[in-house]
Amino acid sequence: MKIAVFVFLILFGSITSSAPLEKVTLQLGWKYQFEFAGFIAAKEKGFYKEAGLDVDLKERRADMDVVDAVLNGHADYGVTDADLAFVKAQNKPIVLLANYFKRSALVFISKQTLLTPHDLAGKKVMITEEQLHSSSLALLLKTFHMKTDDFQIIPHSFSANDFIRGDIDAMSAFISNEPYQITQSKTPYNIIDPSAYGIHTYNGNLFTTYSTAEHQKQRAQKLITASNRGWAYALDHTEEIAELIYKKYSQEKPMDGLLYEAAAIKKLILPDIAEIGSVNRELVQHNFDALKAAELIAPSADLNSFFFDAATVSKEPLFSKQELAYIQALEKISLCVHPQWMPYERIEHGRHIGISADYFNLLQKMIPTPIRLVRTSSWTQSLEFARQRKCDILSLVAPTPERKKYWNFTPPYLSSPLVIATRTDELFVADIENVLDKKLGIIKGHAFSELLRNKYPSIDLIEFDTLDEGLDKVAQGELFGFLDSLATIGYALQNHYISELKIAGKFDDKHELGIGIRNDDPKLLTIFEKMTNAIPAIEHQAIINKWIAVKYEKGTDHGLLWKALAGMVVIGLLLLYRHLVQAKYLKEIAKQNELLLKLSITDKLTQVYNRAKLDDILQEQFDLYQRYRRPFSIIMMDIDHFKSINDNCGHLTGDAVLIDIADILKNHIRHTDIVGRWGGEEFMIICLHNTVERAAILAEKLRAQIKAHHFKHEQQITASFGVAQISDGINIEQLVKQADDALYKAKNAGRNKVITDKG
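About the cut-offs
Residues numbered from 1 in each chain as written. Predicted model: local features only at pLDDT ≥ 70, side-chain atom pairs only at ≥ 80, totals over all residues. Heavy atoms only, no water. Pairing = 2+ DSSP bridges. Helix = DSSP H or I, 4+ residues; strand = E, 2+ residues; numbered from the N terminus. Buried < 20%, exposed > 50% of the residue type's maximum accessible area, 1.4 Å probe, protein only. Contact = heavy atoms within 4.5 Å. Polar contact = N/O pair within 3.5 Å; in protein donor to acceptor, adjacent residues only side chain to side chain. Disulfide = S-S within 2.5 Å. Axes fitted to C-alpha atoms, helices over the stretch in contact; angles between N-to-C directions. Phe/Tyr/Trp six-rings, centres within 6.5 Å; stacked < 30°, edge-to-face > 60°.

Strand pairing within a sheet occurs via backbone hydrogen bonds; the two strands may be parallel or antiparallel. Spatially, 12-13-14 is the arrangement adopted by the three strands of the open sheet, whose pairing is antiparallel. Two strands in the sheet have a free side with no partner beyond their single neighbour: strand 12 (340–341) and strand 14 (351–353). Judged from the two bridges that link them, strand 12 and strand 13 (residues 345–348) form a sheet pairing that is antiparallel. Bridge pairing links tryptophan 341 to glutamate 345 in strand 13.

Encoded structure:
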């Protein structure tokens, strides 16, 4: 009986394993990299195979349109970072199957002094035609009333080298990609992120044609499920999948570049917040409505048949019966706000006004229970009232560890970067760490007060009840700067301090502002989360435009116009003068910083790296070996009988010999090798990605070059070399000792030789 069962299992296994897999083609949106790690993991870990699919993952060519490739039948499915709402608006028959990046990866990378979209005016901007007309960047430019002729458009090379060389002022880029290369080059830069201005789009979209989705529903569902599994695996095993991509798919990016990308991708996918692959239909509709409001797509466009299996979409009401009953049972919902924080909000003559007030007007229409304002005189009092449960909700608040003791928070519905306002004669502030020794102002009780003090214990923060109080102190020279959001600082400067203060720096930290809900009422949190998600995109954009964007009124008062133009000319000249002076200082500072950096890592005599820099590089390469098994070797070189040169010919001749030797080494190593002066007449060459055998060949080449060189003091000079390779079980000191021992073996063997350490 046992034998029969065993035979049956073997036969059954052979039958199931012989079932042919269904071949499908998935066109990726770019090259093999971590941006597509989930699909690569699904293929390599067998998830597609388990689903009965044989998936061919195809790289994209630079001149390829992924959507057209799928529509034309060159691929069954596609992955794109394009906003598919633009494509759907053109009546192309596509269906969105899954969405992986919950935040847009597309940003502008700009020179450090270009902080906002307005600053791109007159600059060289590298961007694709598609991005210029149908992306989140297009919507950002439209929001700021910028036209394509406001700046110089440079065709995209898909390389950050143009920016690093300084050929352009800004470029469109992916937050997970180009910043790595630019950071490695130590080129200063700024990021202009559409999400900082309320533009939230979705990227990493899996899609197909309407016909394929309609007639191959089961196959599409299998692909979605397996791809979701792949992404879950890739995010939990980033090093494993990065190494897999590097070894099997592409070495275009180094391992540390892939891991940098992996960390950025995880922040875009938000796996702890959103279900992997899920499609937020409200967000898609939000974006679609925003595009209509910006007149980037036709007002008649719709999203019919855009979502996979749209016929099964639920038509449920916003609230469940239990939630609705709970709301109706409440007598009122008490609201606390910041009484003086425009354009976000203010209490004026007992009324709540500003951006958040307009949002709460929309929320009030969704529920029967009245939302009642509780009047307070300061933000500190509002926070205290909320702690004492005198307020059920806070209109606009950022979460901090302390606040989470009292409140729950909805996802943010407003986001704005942290900036610093200074007097107009101050220089640009690239990083908040550069001004930790200065007196800085902040509004009392703000989230950033707590966060910054935790992050920078030495920061000198002075708190004020209102923004205007703090800015007055900056204008009077009593404070160096004031910290707040771009929206609030910009609003205050535009209305009260246009000729006195400026925004001198924008930092990576952001005000992520949502609604704070008392944490003893989880039902109320759910209700407000649903309501904020249900606000139409066109309403979001209308509120932002009302309070932040420039407004143009019909009708012209010519007298007023000429006065305004004259004033603008004067202000323009002042700003131009300030810009020229500031640019001069920035250029000089950059020049001095570059010089100081070079001096700190360069041997003064030979102009190759010094011992300190070599130590840093050795540690860096050792770490890479420990983590990724990336081999490297070192060559130790010592000039033979150098003491006699100094003794017989003088130290100036000895210095000239050292300079000549350094030049020979620099001119005859690979561009990936690194040379430096180890000390005295000793030099070291670090050979990246090289075995001891290949390094020994290089050492022999250098030995011959030195021996054949004609030195000015008319004497032949030779050198001895020791070569060693990193291996398991040794550290940097032991590696250097191995090379040093080999070097002295070469000297003891008669000099002018290359000896290799055999480990």
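Here the narrative resumes, following the displayed structure.
Right, let's get into the side chain of aspartate 193. Along the chain, the position of aspartate 193 falls in the loop between strand 9 (190–192) and strand 10 (203–209). We classify aspartate 193 as buried; its relative accessible area is 11%. Leaving out residues up to four positions away in the same chain, aspartate 193 has contacts with Arg103, Val107 and Lys510.

Let us look at the side chain of asparagine 205. Considering the arrangement of structural elements, one finds asparagine 205 in strand 10. Here the side chain of asparagine 205 touches asparagine 99 through a polar contact of 3.0 Å, side chain to side chain. Residues within four places of asparagine 205 in sequence aside, it is in contact with Gly78, Val79, Thr80, Ala82, Leu84, Leu96, Ala98 and Asn99.

So, on to the state of the cysteines. Here a disulfide denotes one covalent bond, and it connects the sulfur atoms of two cysteines. Taken as a whole, this structure holds one disulfide when the rule is applied. The disulfide that involves cysteine 336 links it to cysteine 391, with 1.7 Å between the sulfurs. In this pair, cysteine 336 is assigned in strand 11 (residues 333–336) and cysteine 391 in the loop between helix 17 (379–387) and strand 16 (393–397), connecting sequence segments 55 residues apart. According to the relative accessible area criterion, cysteine 336 is buried, its value standing at 0%.

Once that is clear, we can look at the sheet that holds strand 26 (residues 719–725). Strand order in the open sheet formed by five strands is 24-25-23-26-27, with mixed pairing between adjacent strands. Each having just a single partner strand, strand 24 (674–679) and strand 27 (754–756) make up the two edges of the open sheet. The sheet shows a mean angle of 20 degrees between the axes of neighbouring strands, direction not considered. Strand direction decides the pairing type here: strand 23 (residues 632–639) and strand 26, joined by seven bridges, are antiparallel. Note on strand 26: the bridge partner recorded for isoleucine 634 is alanine 724. Each of strand 23, strand 24, strand 25 (682–688), strand 26 and strand 27 touches helix 28 (residues 732–748); the most contacted strand, strand 26, lies at about 145 degrees to it.

This next bit is on the packing of aromatic side chains. Applying the stated criterion to the full structure yields 14 aromatic pairs. Here tryptophan 30 and phenylalanine 158 contribute two aromatic rings whose centre-to-centre distance is 5.4 Å and whose plane-to-plane angle is 35 degrees, an arrangement assigned as tilted. One end of the pair, tryptophan 30, is in the loop between strand 1 (22–27) and helix 2 (37–44); the other, phenylalanine 158, is in the loop between strand 7 (152–154) and helix 8 (161–165), with 128 residues separating them in the sequence. The exposure class assigned to tryptophan 30 is buried, which follows from its relative accessible area of 17%. Plain terms: the ring middles of tyrosine 32 and tyrosine 249 are 5.0 Å apart, the flat faces sit at 70 degrees to each other, and that makes the pair edge-to-face. Of the two residues, tyrosine 32 is situated in the loop between strand 1 and helix 2 and tyrosine 249 in helix 12 (residues 238–249); the sequence distance between them amounts to 217 residues.

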